[in-house]
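# Secondary and tertiary structure notes
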Amino acid sequence: MCFISFFFLFMFMLMNMVFMLYFLMSNTVVFLEWEILSFNSMNIVFSILLDWMSLLFMMFVSLISSSVIFYSKSYMSSELNLNRFIILVLMFVFSMMLLILSPNIISIFLGWDGLGLVSYGLVIFYQNIKSYNAGMLTVLSNRVGDVMLLMVIAWMVNFGSWNFIFYLELMKMDFCSWVISFLIILGAMTKSAQIPFSAWLPAAMAAPTPVSALVHSSTLVTAGVYLLIRFNSLLIGTEFLKMLLLVSGLTMFMAGISAVYEFDLKKIIALSTLSQLGLMMSILSMGFSDLAFFHLLTHAMFKALLFMCAGMIIHMLNDNQDIRYMGGLSIYIPMTSLCFNISNLSLCGIPFLSGFYSKDLILEMVSMSNLNFIIFFLYYFSTGLTVFYSIRLSLYLMVNEFNLFSVYNLYDEDYTMLKSMILLLFMSVVSGSFLSWFIFSYPYMIFLPINLKIMVIYVSVSGIIMGWLISSMNLYSLNKFLKFFNLSSFFSGMWFMPNLFTYGVNYSVLKLGNSLSKNIDFGWSELYSGQGFYNILKNYSIIFNMFLMSNFKIYLYSFVLWMLFMSMFMLKWF
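As annotated in an unreviewed UniProt entry, the protein chain carries the name NADH-ubiquinone oxidoreductase chain 5 and is attributed to Pieris melete. The UniProt entry for the protein chain carries this comment under Sequence similarities (unreviewed entry): "Belongs to the complex I subunit 5 family." Check the Catalytic activity (unreviewed entry) section of the UniProt entry for the protein chain; it says "a ubiquinone + NADH + 5 H(+)(in) = a ubiquinol + NAD(+) + 4 H(+)(out)".

Structure follows, in structure tokens:
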């Protein structure tokens, strides 16, 4: 099943590439309507929008998913339910395709909901309490976004059709545009894990590593960004984009700081994904949707590769994820280390790797834009933090001493995994340059003073120095460093967000539920329904029973009373 799925997705990727090149060269957009059901005056139509953007995104999704399925053949080889896992991944990819191809809000909602539902199934794949908690947090956070899309569907009834692609310009003139913009942005924030919905992304690392490579690089988390790109012409000029700019900048900053304090390998990579999502959202909210799309695609490549390398390392180190136990891996597993380092450097934006083309262009457009100092600071400081945690991670894994076993056997000869990683390695190196030729029909001309131009180099060098200093600290001085700041729990805990948005939200709701249960279910409703009704009926039935049992006595007694009453009445009147 692995090989069939890989072959199908790889062929689908090649087909998408051919069509994308043709559509891009001829500047073509194809809008297809497939009539599923026609009954009297009612017809159900499924719409498909094919343009260079949807085809390019589908090409990248199918490339990454084919590599991940090929990788899973070896990674999940000891899994008893491998076919179930592959079917779940294929359902996930199908939901993503549905979302990418749809110009219709209903079919987007089907894909969107499918992503949330299947991701829940994948996160709880290893069935233990940690996975269940993570899965529940993931699915409930995503439900908020689902409800927002349902409300968009309700509001779009005003326009007479759910094909939003036709109404984006018309909506601007209406009050509905404000409501729809707000709902779309809020829905995208939940799916792309912006503050305050960030807690679920690191928690979802409970899923198998191939799922993390697919879900948290190119599919689930990028669905929100893609939706905003599609709705971009409606959103431009609204006040909500300014709010989104600040929130996504803070997400980028928060994720960077949390990654610096984190020691779990997969969580560090998840937090770097969160940081890059903040970067995409913030540049999108400035109006550069093509740059956001460019970074989305380049990031998908090197992040999927980074997760795959991390999975291979975790496998070899006896399922251990703590980077403090790792070290010296470049000597023992050179191929995996090569892939890991190249994807890590691409994440940092080192020149002429894929991440450089998108990140450098984004930062230079930020420098050109008319923005305040807070946003400028958040962009550049977050870039410095990205280099900081990436260098720290590389030094912990590749340079420091190996701390796990005294006797160990690390091998780098799992060719199934290596083949899938080398395919992505090639793309991580070249995708930035060829995408910049595809996406931008004309080059961005950027003129900046020399200090602003090399500001990226300043922050990157600062990040490299800090990463080296932190990774070379011994344990005692590291403890002093944390004690000096006394903020490590705040920073490493993502600004207390996982606690605030689990216990913080649950506590008041559960307390309210408890008081309602105590006062209404076991209180007033017991008094006036269940037990109370029973007591009233019981008392009445006792009285009726008394009447029935002493029928003759009561008859005589009532006769006596009647005679007394009549005699009194007669005496009064006569």
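So, on to the side chain of Ser 248. Of note, Ser 248 is situated in helix H12 (residues 239–261). Judged by relative accessible area, which is 0%, Ser 248 ranks as buried. Once residues within four sequence positions are removed from consideration, Ser 248 is found in contact with Gln 194, Gly 278, Met 281, Ser 282 and Ser 285.

A few words on the environment of Leu 149. With respect to the helices and strands, Leu 149 occurs in helix H5 (residues 129–155). Here the alpha-carbon distance between Leu 149 and Ile 184, two residues 35 residues apart in the chain, equals 6.8 Å. Setting aside residues up to four positions removed in sequence, Leu 149 forms contacts with Ile 105, Ile 108, Phe 109, Trp 112, Ile 184 and Leu 227.

Moving on, we come to the nonpolar core. Within soluble globular proteins, side chains that are nonpolar generally end up buried alongside one another. With 185 residues, the main nonpolar core has Leu 265, Tyr 379 and Leu 397 as its most contacted residues. In terms of residue count, the dominant contributor to this core is helix H14 (residues 289–316) (20 residues). Beyond its immediate sequence surroundings of up to four residues, Leu 265 is in contact with Ala 310, Ile 314, Gln 321, Ile 323, Met 326, Phe 340, Leu 393 and Leu 397.

What follows is about the layout of surface pockets. Empty space within the largest pocket amounts to approximately 1200 Å³. Lining the largest pocket are 45 residues, and of these Lys 130, Asn 133, Ala 134, Leu 137 and Ala 203 lie nearest its centre. Within the residue set of the lining of the largest pocket, elements represented by two or more residues are H5, helix H8 (200–203), helix H13 (265–285), H14, helix H24 (497–500) and helix H25 (503–528). No other element matches the 9 residues that H5 contributes to the lining of the largest pocket. Classifying every residue of the lining of the largest pocket gives 25 nonpolar, 13 polar and 7 charged.

A separate point is the domain arrangement of the protein chain. For the protein chain, the domain assignment lists domain 1 (1–473) and domain 2 (523–572). Distance between the C-alpha centres of domain 1 and domain 2: 78 Å.

Turning next to the state of the cysteines. For the coordinates displayed, the defined rule picks out 0 disulfides. This cysteine, Cys 309, is not joined by any disulfide, and Cys 339 carries the nearest cysteine sulfur, 4.8 Å off. With a relative accessible area of 0%, Cys 309 lands in the buried category.

So, on to the packing of aromatic side chains. Each aromatic ring pair is characterised by the separation of its centres together with the angle its planes make. Scanning the entire structure with this criterion turns up 32 aromatic pairs. Aromatic side chains Phe 434 and Phe 438 sit 5.3 Å apart centroid to centroid with 70° between the ring planes, which places their arrangement in the edge-to-face category. Remark: Phe 438 and Phe 434 occur in helix H19 (residues 415–439); sequence separation between them is 4 residues, near one turn of the helix. Measuring from centroid to centroid gives 6.5 Å for Tyr 540 and Phe 544, while their planes differ by 25°, and the two rings are stacked. Within this pair, Tyr 540 and its partner Phe 544 are both found in helix H26 (residues 530–549), separated by 4 residues, close to a single helical turn. Given a relative accessible area of 49%, Tyr 540 falls into the partly exposed group. Through a chain of ring-to-ring contacts, the aromatic side chains of Phe 3, Phe 6, Phe 7, Phe 10 and Phe 70 assemble into a single cluster. Taking NZ or CZ as reference, Arg 324 lies 4.0 Å from the ring centre of Phe 263, over its face. The residue whose ring lies beneath Arg 392 is Phe 263, and the NZ or CZ to ring-centre distance is 5.0 Å.

Right, let's get into H19. The end-to-end C-alpha separation of H19 is 34 Å, in line with the 36 Å expected for 25 residues at 1.5 Å each. At Val 430, H19 is deflected by roughly 50°, the largest bend along its length.

Turning next to the UniProt feature "domain: NADH-Ubiquinone oxidoreductase (complex I) chain 5 N-terminal" (unreviewed entry) in the protein chain. Annotation from UniProt places "domain: NADH-Ubiquinone oxidoreductase (complex I) chain 5 N-terminal" (unreviewed entry) at residues 37–85. Its end C-alpha atoms 33 Å apart, residues 37–85 is made of 57% helix and 24% strand.

Here we come to unusual backbone geometry. Following Ile 195, the chain continues to Pro 196 via a peptide bond in cis, the omega torsion being 5°. The residue Asn 318 is not glycine, and still its phi comes out positive at about 60°. Within the secondary structure layout, Asn 318 lies in the loop between H14 and helix H15 (329–332). Although it is not a glycine, Phe 352 adopts a positive phi angle of roughly 75°.

Once that is clear, we can look at empty space enclosed by the protein. Counted by the stated rule, this structure contains 2 cavities of 30 Å³ or more. When its volume is computed, the largest cavity comes out at roughly 70 Å³. If you trace the largest cavity, you find it lined by Met 252, Ser 275, Gln 276, Leu 279, Lys 359, Leu 363, Tyr 379, Ser 382, Thr 383 and Thr 386. Of all the secondary-structure elements, those providing two or more residues to the lining of the largest cavity are H13, helix H17 (354–368) and helix H18 (373–398). At 4 residues, H18 tops the list of elements feeding residues into the lining of the largest cavity. Counted by class, the lining of the largest cavity contains 4 nonpolar, 5 polar and 1 charged residues. The calculated volume of the second largest cavity comes to roughly 30 Å³. In terms of lining, the second largest cavity is formed by Ile 268, Ile 269, Ser 272, Leu 306, Asn 344, Leu 347, Tyr 389, Ser 390 and Leu 393.

About the criteria used
- Residues numbered from 1 in each chain as written.
- Predicted model: local features only at pLDDT ≥ 70, side-chain atom pairs only at ≥ 80, totals over all residues.
- Heavy atoms only, no water.
- UniProt positions renumbered as here; feature names shortened; annotations may be inferred.
- Helix = DSSP H or I, 4+ residues; strand = E, 2+ residues; numbered from the N terminus.
- Buried < 20%, exposed > 50% of the residue type's maximum accessible area, 1.4 Å probe, protein only.
- Contact = heavy atoms within 4.5 Å.
- Core = buried A, V, L, I, M, F, W, Y, C linked by side-chain atoms within 4.5 Å.
- 1 Å grid on protein atoms, 1.4 Å probe; cavity = no way out; pocket = protein on both sides within 12 Å on 5 of 7 lines; lining within 4 Å.
- Points joined across faces, edges and corners; volume = space filled by probe spheres on them.
- Nonpolar A, V, L, I, M, F, W, Y, C, P; charged D, E, K, R; others polar.
- Domains from an automatic or database assignment.
- Disulfide = S-S within 2.5 Å.
- Phe/Tyr/Trp six-rings, centres within 6.5 Å; stacked < 30°, edge-to-face > 60°.
- Lys NZ or Arg CZ within 6 Å of the ring centre and 35° of its normal.
- Expected span 1.5 Å × (residues − 1).
- Bend = angle between axes of the 7 residues up to and from the residue.

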